[in-house]
Amino acid sequence: MKRYLHILLSLVLIFILENTFYLLNSKTESLLDIFVFFSNKSLFKSISYFLTFLICIISIAISPYIRNVYIAVIIGFIISLSYAVDFSYLNINGRGVTLTDLTILFSEFQNYSRHVFSTYSSEIQYGLLVGIGIIIFFYLCRIFTDKRISNYFVLVPIFSIILTSAIQVKTAATFSFGLPSPQKVLSYLVYWYPYKPYYGDREELYVKPEFSKKYTNIIWIIDCSINANYLGINDSTYNTTPFLEKKSNSYINAGRVASITNCSSTSNIFLMGMGNKNDLPDHKEKLLRNPSIFTYAKNAGYKTAYISASSEGNRLQNYMTYFDLADIDYFFQPNTKEEKDLRYADEILADHIKGYLEKNDGSFIYVVKSGAHFPWQLNYPSEQAIYKPCLIGNEGISDASYQTILNTYLNSIRWKTDHFFQSLLKDTSILDNTLMIYTSDHGQLIPSNHNKQTHCNTRDPDIQEGIVPLLYFSNDLSKVRQPKSMFRFIPVTLDVMGYSPDISGINAFLDFEKPGFFYGHLFPKHRIHQSGIKEIHLK
């Protein structure tokens with residue numbers, strides 16, 4: 001017994017760690033409640049889960065004692081990294097990492113990673129502390145005893161990954177009970193890899209417009225992280241849109257509407273890929289395969305432009321691929337240090353839009369703003385901090401009061417939204433024979449102790465994540481319908497391009513349609529992947 005005492009102690013410590021994780025992530029009393037649940041459902045499931053969990057814990061506990069130091073170090077690094085990631089997510093969303101979280105992470109990491117690290121620095125630090133603790137645990141295990149086990153025991157961690165991967169395949173990665181972090185994260189990766197979204201050329205477009213264009217230019221402006229509830233044009237409590245209030249004769253305000261989804265990449269690919277609400281979730285990946293909005297625009301005789309302040313250089317985002325560039329005549333993303341500055345990125349973007357239109361009349365322009373994505377205090381010059389107290393510098397949200405966080409967000413949307421339009425509409429002749437539609441990819445939840453995740457929540461998201469503005473700009477709005485629905489964005493555009501009602505779907509407006517936004521896995525390979533429509537009751 002003494003021979004294996006060190007392994008038994010390690011086993012107890014890992015079990016305590018996992019039980020602590022589960023307690024933080026569950027309303028039940030302990031991991032033992034899971035076994036009670038399964039025993040009530042099926043004895044076979046109960047035994048299967050118990051054995052899988054036990055093998056996972058044993059595999060972690062024995063790993064420090066594997067004879068080959070290089071094997072032990074590699075396994076230890078993987079285990080510590082997995083715990084760090086899972087605990088970081090737990091501190092942010094209250095449940096730990098899920099398959100859909102990993103999908104979002106891979107699709108948006110390049111563009112928003114530094115923002116996440118800045119805003120959630122404290123939460124990530126807690127996760128890193130857990131990871132460092134695991135490394136220290138491995139180190140202490142090796143220096144306090146010279147007892148080692150055969151290198152063949154590396155098969156136990158591998159077998160645990162196979163077992164948990166089998167569970168993920170069986171349940172389509174929706175298994176909601178406790179699995180140790182290393183096996184959970186790695187089995188998600190094993191499950192996700194074969195299910196990467198379609199990558200390839202889009203289908204050909206064979207239909208042509210039957211009518212003449214209603215507008216010479218069409219501009220889509222997709223903002224980022226704008227909650228319509230905090231815009232002064234929707235609520236006079238907030239002095240966040242003084243310019244837009246003065247220019248109310250230049251647009252029609254559809255008010256507060258439900259966004260398409262609660263995440264940037266999924267909302268943008270829905271618009272770019274000519275989505276339909278009936279196709280959510282998109283099991284057949286139509287959004288990646290169908291002709292894009294740029295193809296429809298070129299078919300209607302428009303020049304096409306993609307102008308973005310959200311990414312930089314040639315780095316594509318929002319599920320765009322290099323195949324999409326074939327139908328885009330002009331492509332712009334920031335390259336210089338000045339263009340990348342979050343404080344002035346949208347102001348420069350407005351000037352770029354005007355400069356492009358001066359030389360390219362007859363265009364469809366897809367604009368992606370930098371917007372009010374966190375960290376909000378970096379989105380505006382310090383002298384534009386109208387609401388105080390507010391966050392400054394690299395301060396995170398963890399130790400700030402709700403009012404301080406809200407003030408910072410209000411400063412951000414005042415500058416990035418209202419000042420943007422002030423720059424764009426200095427001369428309203430830009431709206432002559434032009435239709436400009438403005439909205440946001442998703443809304444924004446102001447973080448609190450209860451919920452720190454501002455958007456992209458994959459399970460039962462707060463409705464604030466999906467409340468966005470919808471404005472129609474033109475010097476002649478009589479030629480276009482202005483539905484109060486983001487899901488009618490595309491039919492309106494196709495209609496003014498000259499496509500027939502059968503193609504545009506313009507006559508299929510449903511006044512009784514329940515407003516709501518999609519959340520979860522957009523391109524699931526299985527019918528039970530986590531996703532849903534969150535209904536919003538808007539006045």
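For clarity, every value in this text was computed on a predicted model and none was experimentally measured. (Residues numbered from 1 in each chain as written. Predicted model: local features only at pLDDT ≥ 70, side-chain atom pairs only at ≥ 80, totals over all residues. Heavy atoms only, no water.)

Per the stated rule, a full pass over the model turns up 23 aromatic pairs. Grouped by ring-pair contacts, the aromatic residues Trp 220, Phe 294, Tyr 306, Phe 331, Phe 364, Tyr 366 and Phe 489 constitute a single cluster. In this arrangement the basic side chain of Lys 369 is found over the ring face of Phe 420, its NZ or CZ atom lying 4.9 Å from the centre. The ring of Tyr 215 has Lys 479 lying over it, and the distance from NZ or CZ to the ring centre is 4.4 Å. (Phe/Tyr/Trp six-rings, centres within 6.5 Å; stacked < 30°, edge-to-face > 60°. Lys NZ or Arg CZ within 6 Å of the ring centre and 35° of its normal.)

Our next topic: the state of the cysteines. Within the structure shown, the criterion is met by one disulfide. Here Cys 263 pairs with Cys 456 through a disulfide, and the sulfurs are 1.9 Å apart. Disulfide Cys 263 to Cys 456: torsion about the S-S bond roughly 90°, handedness right-handed. In this pair, Cys 263 sits in the loop between strand E2 (251–258) and helix H10 (264–272) while Cys 456 sits in the loop between strand E6 (434–440) and strand E7 (467–473), placing the two residues 193 residues apart along the sequence. Residue Cys 263 is classed as buried on the basis of its relative accessible area of 3%. Judged by its relative accessible area of 7%, Cys 456 falls in the buried class. (Disulfide = S-S within 2.5 Å. Helix = DSSP H or I, 4+ residues; strand = E, 2+ residues; numbered from the N terminus. Buried < 20%, exposed > 50% of the residue type's maximum accessible area, 1.4 Å probe, protein only.)

Before going further, it helps to examine the side chain of Lys 534. Summarising the element assignment, Lys 534 is placed in strand E9 (residues 531–535). Within the local environment of Lys 534, its side chain forms a polar contact with the backbone oxygen of Pro 461, the two atoms lying 3.3 Å apart. What Lys 534 contacts, discounting residues up to four positions off in sequence, is Asp 460, Pro 461, Ile 463, Pro 515, Gly 516, Phe 517 and Tyr 519. (Polar contact = N/O pair within 3.5 Å; in protein donor to acceptor, adjacent residues only side chain to side chain. Contact = heavy atoms within 4.5 Å.)

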